[in-house]
Amino acid sequence: MSYIQLTPADVAASAALIVINAIISLRLRLGLERQLVWASIRTVTQLVLIGFVLRAVFAVDRWYLVIGMILVMTIVAGVSAVGRVERRYSGIYLDSIVAMWSSAWLVSACGIFGVLHEMEPWYHPQYVIPLAGMLLGNSLNGVSLGMNRLTESLAVRRDEVETLLCLGATRWEAAQPAVQQAVRTGMIPILNSMLVVGIVSLPGMMTGQLLAGAEPMDAVAYQIVIMFLIAAASALGSVGVVLLAYRRLFNSSHQFLPDELTVRSR
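Described in the following lines is the structure provided in the data block. (Residues numbered from 1 in each chain as written. Predicted model: local features only at pLDDT ≥ 70, side-chain atom pairs only at ≥ 80, totals over all residues. Heavy atoms only, no water.)

## Some thoughts on the packing of helix H6 (residues 125-156) against helix H10 (residues 216-249)
Between H6 and H10, whose axes approach to 7 Å, the crossing angle comes to 35 degrees. As H6 packs across H10, the resulting crossing turns out to be right-handed. Here the residues of the contact of H6 with H10 sort into 18 nonpolar, 8 polar and no charged. (Axes fitted to C-alpha atoms, helices over the stretch in contact; angles between N-to-C directions. Helix = DSSP H or I, 4+ residues; strand = E, 2+ residues; numbered from the N terminus. Left-handed = near helix turned anticlockwise from the far one by under 90°. Nonpolar A, V, L, I, M, F, W, Y, C, P; charged D, E, K, R; others polar.)

Shown next, in the form of structure tokens:
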């Protein structure tokens, strides 16, 4: 079975459906019309641009272009994750990028050399770039939620944390409840997805393969692998960024540094 190739007219027809969102915004006076238009323009522009970039990368087929593209994606994902955090501290962007890089790249390597070990060459852009993109996109949610939860929890529980430290608790003992809550929060999105996948929703990768004519069980096998890889990357990313933030907000003398936290300017 071959896939149905869409024409520009088909894409334009689907884009027209955004009018439904605009009508809802107007009727309920949500004031989202400009944001909807801007978001729609960005969606089309960004996807068209990445389409041209991918076409060029696929054609050249060189490992350094693949790695370079994934590196750019990692930096953008790390910066974007911080954009959703309400309370920030010095070094938060570096922590976010490091957490995204270490988790997504490590799990990608496991997927490439452990699961897709028969792939030649190992940097095949058709597989590596989409895999890295899915891992980065899902890790972004975990990293962002984890950072936001940790900083918010420490700010709200400042008196409790400082009291524990004054009574002789170590920085880990004082921060542990907030760290645990932050990691749990960071893992909620992937856990929710895993609970309903195949019942409530068909994930994007599986849907894409089915639309492209892949055999259903082959698409299922790929999706199972991807879900487990995403779960691992999200967990590692959440834990990594929370621990990095913890090390910045508590010094080696077991003191909490609440003044390091600043509320994001709007």
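After presenting the structure, the write-up continues.
## Structural notes on unusual backbone geometry
Between Glu120 and Pro121 the backbone carries a cis peptide bond, its omega angle lying at -10 degrees. With respect to the helices and strands, the residue Pro121 is situated in the loop between helix H5 (92-115) and H6. Even without glycine at this site, His254 takes up a positive phi of about 65 degrees. Locating His254 in the fold gives a position in the loop between H10 and strand S2 (262-263).

## Some thoughts on the nonpolar core
If you look at the biggest cluster of nonpolar residues, it comprises 51 residues, and the most contacted ones within it are Leu135, Met147, Leu150, Leu154 and Phe250. Setting aside residues up to four positions removed in sequence, Leu135 forms contacts with Ala104, Val107, Ser108, Leu229, Ile230 and Ala233. (Core = buried A, V, L, I, M, F, W, Y, C linked by side-chain atoms within 4.5 Å. Buried < 20%, exposed > 50% of the residue type's maximum accessible area, 1.4 Å probe, protein only. Contact = heavy atoms within 4.5 Å.)

## Some points on the packing of helix H9 (residues 204-211) against H10
Between H9 and H10, the shortest axis-to-axis distance is 9 Å and the interhelical angle comes to 160 degrees. One finds that H9 runs roughly antiparallel with respect to H10. You can see that H9 and H10 cross each other, and the crossing is right-handed. Counted together, Met205, Met206, Gln209 and Leu210 of H9 and Pro216, Asp218, Ala219, Val220, Tyr222, Gln223 and Ile226 of H10 form the full contact between these two elements. Its residues assigned to classes, the contact of H9 with H10 comprises 8 nonpolar, 2 polar and 1 charged. (Parallel < 35°, antiparallel > 145°, perpendicular 65-115°, else oblique.)

## Describing the side chain of Asp95
As for its position among the elements, Asp95 is in helix H5. On the accessibility criterion, Asp95 (3% relative accessible area) is buried. Asp95 has contacts with Tyr89, Val241, Leu244, Ala245 and Arg248, leaving out every residue within four places of it along the chain.

## Notes on the side chain of Ser25
Tracing the backbone shows Ser25 in helix H2 (residues 18-27). With relative accessibility at 1%, the residue Ser25 sits in the buried group. From its side chain, Ser25 meets the backbone nitrogen of Leu32 in a polar contact 2.9 Å long. Those residues within four positions of Ser25 in sequence are excluded, and the remaining contacts are Leu30, Gly31, Leu32, Glu33 and Leu36. (Polar contact = N/O pair within 3.5 Å; in protein donor to acceptor, adjacent residues only side chain to side chain.)

## Describing the pattern of salt bridges
Scanning all chains against the criterion turns up 4 salt bridges. Residue Glu152 is joined to Arg87 by a salt bridge in which the shortest nitrogen-to-oxygen separation is 3.0 Å. Pair noted here: Glu152 is in helix H6 and Arg87 is in strand S1 (residues 87-88), with a separation of 65 residues, a long-range link. A relative accessible area of 23% places Arg87 in the partly exposed class. A salt bridge links Glu162 to Arg158; its shortest N-O distance comes to 3.3 Å. Residue Glu162 and its partner Arg158 are both found in helix H7 (residues 158-166); the two are separated by 4 residues, about one turn of the helix. Classification of Glu162 by relative accessible area gives partly exposed; the value is 27%. (Salt bridge = Lys/Arg side-chain N within 4 Å of Asp/Glu carboxyl O.)

## Considerations on the environment of Val196
For Val196, the location among the structural elements is in helix H8 (residues 171-196). By relative accessible area, Val196 is classed as partly exposed at 32%. In sequence terms Val196 and Thr43 are 153 residues apart; their C-alpha atoms lie 27 Å from each other.

What is shown is where atoms sit, not what they do.
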